[in-house]
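Residue-level structural notes
For reference, the chains in residue letters:
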Amino acid sequence: MKASEHEFGPGDGPAEKVSVSLRAGNIRTVRERVGARGFSAYVDAAVERQIERDLLEEALQENEILAGPIPQSLRDEAAELFRRVRSAPELQEEHEWPASEAG
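Below you will find a few notes about this structure. Here the residue numbers are simple positions, counted from 1 along each chain's written sequence. Per-residue local features of the predicted model are confined to residues with pLDDT of at least 70, and side-chain atom pairs are confined, for both listing and counting, to 80 or more; whole-chain, interface and lining totals are unaffected and use all residues. The basis for every side-chain value is the complete set of non-hydrogen atoms in the structure, without hydrogens or water.

Here's the deal with the overall build of the protein
Definition in use: Only DSSP runs of H or I covering at least 4 residues are called helices, and only runs of E covering at least 2 are called strands; the numbering of each starts at the N terminus. Here's how the labels work: a residue is buried when its accessible area is under 20% of the maximum for its type, exposed when over 50%, partly exposed in between, all with a 1.4 Å probe on protein chains only. Each accessible area is a Shrake-Rupley result for a 1.4 Å probe, and residues are judged covered by the shown protein chains and nothing else.
Within the protein one finds three helices and zero strands. Residues classed as buried in the protein amount to 4% of the 103 residues present. Just so you have it, the protein exposes about 9500 Å², and 53% of that area is on carbon and sulfur atoms.

As for the packing of aromatic side chains
Formally: To pair, rings of Phe, Tyr and Trp, with the six-membered ring standing in for Trp, must have centres within 6.5 Å; the planes then decide the type, stacked if under 30 degrees apart, edge-to-face if over 60, and tilted in the middle. Whether a charge sits over a ring depends on NZ of Lys or CZ of Arg being within 6 Å of the ring centre and within 35 degrees of the ring normal.
What the rule picks out here adds up to zero aromatic pairs. The cationic tip of R31 hangs over the ring face of F39; the distance from NZ or CZ to the ring centre is 5.6 Å.

Details of the environment of Q92
Operational definition: Should any heavy atoms of two residues lie within 4.5 Å, those residues are considered in contact.
One can find Q92 in the segment after α3 (72-86). Residue Q92 is classed as partly exposed on the basis of its relative accessible area of 30%. Excluding anything up to four places from it in sequence, Q92 contacts R86 and S87.

Overview of a nonpolar patch on the surface
Our working definition: Note that patches include only residues with greater than 30% relative accessible area and no salt bridge, and the join distances are 9 Å for like charges and 5 Å for nonpolar side chains (Val, Leu, Ile, Met, Phe, Trp, Tyr). For salt bridges, the criterion is a side-chain nitrogen of Lys or Arg within 4 Å of an Asp or Glu carboxyl oxygen.
Among the surface-exposed residues, V18, V20 and L22 lie close enough to one another that they form a single nonpolar patch of about 290 Å² accessible area. Position of V20 among the secondary structure elements: in the segment before α1 (24-34).

Read these as geometric descriptors, not functional statements.
Structure below.
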């Protein structure tokens, strides 16, 4: 590990060149989405999101150790709420935004 890696947290610090192995289909898909020049930024963002997910999972596990498991009724309620939000008309691609809401 380089000394500079100790100085920065996830998402911080200068870019450094590293070598990674990726499956051919993933490489093709990333290049199609962002082109060759955006490849590193795309992979860096994906790594940062995975680190955030890992940290969140660790926090959830620690909370469960301290407070006990989340009751199934609350899990079910959260799942239903997520389904409703995810299927909201304004989140669908075919939704037509009023001029005042368009970005």
